[in-house]
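The primary structure of each chain is shown beneath.
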Amino acid sequence: MMNKRYFITGIGTEVGKTVVSAALVDYLGTAYWKPIQSGDLQASDSMRIRALCTSEPTIFPEQYQLKHPASPHDASEREGIQISLTDFSMPNQTAALLVEGAGGLFVPINSEEFMIDLMDQLGLPAILVCRDYLGCINHTLLSIAALVHKGIQLAFVVFNGAFEPATQRVIESHLPAGTDAIYIPEIKEINKMNLSTAVGQIKIVEHTNGAFRK
Ligand SMILES: Nc1ncnc2c1ncn2[C@@H]1O[C@H](COP(=O)(O)OP(=O)(O)OP(=O)(O)O)[C@@H](O)[C@H]1O
Ligand SMILES: C[C@H](N)[C@H](N)CCCCCC(=O)O
Ligand SMILES: [Mg+2]
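None of these values were measured; they are calculated from a predicted model.

> So what about the layout of surface pockets? Which residues, and what values?
Of the pockets and cavities examined, the largest pocket occupies roughly 660 Å³. Around the largest pocket, the lining comprises 31 residues; the ones closest to its centre are Thr13, Glu14, Lys17, Asp45 and Arg48. Elements with a contribution of two residues or more to the lining of the largest pocket: helix H1 (17-28), strand S3 (36-38), helix H2 (45-52) and strand S6 (97-104). The biggest single contributor to the lining of the largest pocket is S6, with 4 residues. When its residues are assigned to classes, the lining of the largest pocket shows 12 nonpolar, 10 polar and 9 charged.

> Could you give an account of helix H5 (residues 136-150), naming the residues involved and the relevant values?
With 15 residues, H5 ought to run about 21 Å at 1.5 Å a step, and its terminal C-alpha atoms sit 21 Å apart, in line with that. By the burial criterion, the buried members of H5 are Cys136, Thr140, Ser143, Ile144, Ala146 and Leu147. Seen along its axis, H5 keeps its buried residues to an arc of 160 degrees; they face one direction. Away from its buried face, by an angle of more than 90 degrees, H5 presents the exposed residues Leu142, Val148 and His149. Elements that come into contact with the buried residues of H5 comprise strand S1 (5-10), helix H4 (115-122), strand S7 (126-131), strand S8 (154-160) and helix H6 (165-172). In the segment just after H5, Gly151 is the residue with positive phi, at about 75 degrees.

> Give me the coordination of the magnesium ion (ligand 3): which residues, what numbers.
Protein coordination at the magnesium ion (ligand 3) comes from Thr18 (OG1), Asp45 (OD) and Glu100 (OE), with a distance range of 2.0 to 2.1 Å. All donors to the magnesium ion (ligand 3) come from one chain, and their sequence spacing reads T-x26-D-x54-E. Of the two residues, Thr18 sits in helix H1 while Glu100 sits in strand S6, which places them 82 residues apart along the sequence. Exposure remark for Thr18: the relative accessible area of 6% places this residue in the buried category.

> Describe the sheet that holds strand S10 (residues 203-205), with residues and values.
Reading across from one edge, S4-S2-S6-S1-S7-S8-S9-S10 is the order of the 8 strands in this open sheet, with mixed pairing throughout. Among the strands making up the open sheet, the edge pair consists of strand S4 (59-60) and S10. In the sheet, strand S2 (residues 31-33) pairs with S4 via 2 bridges, with the strands oriented parallel. Across the sheet, residue Tyr32 finds its bridge partner in S4, namely Ile59.

> An account of the site of ligand 2 is needed here, citing residue identities and associated values.
Around ligand 2, the neighbouring residues are Thr13, Ser38, Pro69, Ala70, Ser71 and Val107. The separation between a nitrogen atom of ligand 2 and a polar side-chain atom of Ser38 is 3.2 Å. Look at ligand 2: alone it shows 390 Å² of surface, and the protein chains cover 62% of it. When each cavity is represented as a set of grid points, ligand 2 is found to reside in the largest pocket. Of the residues belonging to the shell around ligand 2, the class tally is 3 nonpolar, 3 polar and no charged.

> How would you summarise the site of ligand 1 if you had to cite specific residues and measurements?
The immediate surroundings of ligand 1 are formed by 18 residues, with Thr13, Lys17, Thr18, Asn160 and Ile187 found nearest. Between ligand 1 and the protein, one listed contact pairs an oxygen atom with a backbone N or O atom of Glu14 at 3.1 Å. In this structure, ligand 1 is accommodated by the largest pocket. Looking at the shell around ligand 1 element by element, the count peaks at 3 residues for H1. Residues of the shell around ligand 1, tallied by class, amount to 5 nonpolar, 5 polar and 8 charged.

The rules behind the values
- Residues numbered from 1 in each chain as written.
- Chains lettered and ligands numbered in written order.
- Predicted model: local features only at pLDDT ≥ 70, side-chain atom pairs only at ≥ 80, totals over all residues.
- Heavy atoms only, no water.
- 1 Å grid on protein atoms, 1.4 Å probe; cavity = no way out; pocket = protein on both sides within 12 Å on 5 of 7 lines; lining within 4 Å.
- Points joined across faces, edges and corners; volume = space filled by probe spheres on them.
- Helix = DSSP H or I, 4+ residues; strand = E, 2+ residues; numbered from the N terminus.
- Nonpolar A, V, L, I, M, F, W, Y, C, P; charged D, E, K, R; others polar.
- Expected span 1.5 Å × (residues − 1).
- Buried < 20%, exposed > 50% of the residue type's maximum accessible area, 1.4 Å probe, protein only.
- Arc of directions from axis to C-beta.
- Contact = heavy atoms within 4.5 Å.
- Donors = N, O, S within 2.8 Å, 3.2 Å for Na, K, Ca; no water.
- Pairing = 2+ DSSP bridges.
- Near = heavy atom within 4 Å.
- Polar contact = N/O pair within 3.5 Å; in protein donor to acceptor, adjacent residues only side chain to side chain.
- Areas by Shrake-Rupley, 256 points an atom, 1.4 Å probe, with all protein chains shown as cover.
- Sits in = over half its atoms within 2 Å of the grid points.

Structure follows, in structure tokens:
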């Protein structure tokens, strides 16, 4: 993992982007940035990273803190704020950075633009987090197709938590060449100690020529 600047997205909201970010911030020794936080301002993703990580990472302030726990296009409109793609610029003080999106790729940030457009503008390779639930195969393969269509490099797919073997296998077999897999275990109770144990159990598997080297 030479390049240490990535955009962490997910196959939807609540799939574990923040838990995975905390694990990878510690594993890779990166800083963290959540450009748009909507809802949970008293327990924001940045605050959770601060609480869970052992490495005391640099955390860049959010560009937008929206009160409503809703899609950014909706939360911002209710709060009289106009989000624009041109407002965002990458913190450049650090070589190693994880940027966490809000929800999945086609979450709107205003009436015309989506999270995937922000990813494209920032120009970082993507890490796509998936979690096992009925429907996750479709959500994962659609997300991969959208990234490929947009020409965004997909560096990793993260299998976050426990997976049904048939689900894991079919997703693995459809990863684009050059996309590696990261496996993060199911964590019983999310706290700093258990997160640190999970970091020690992270597995990264290289994907070459359409097949995994295990
Ligand atoms: N590896 C894991 N093991 C156990 N539980 C997990 C794991 N990853 C995530 N979870 C559970 O899923 C919940 C949602 O995770 P998280 O807040 O990281 O999602 P998210 O994708 O960042 O959501 P958002 O779109 O709001 O940013 C966590 O609070 C936790 O309960
Ligand atoms: C509020 C939540 N935790 C996220 N920050 C925003 C999720 C927006 C999801 C929109 C959607 O896909 O329907
Ligand atoms: Mg999050």
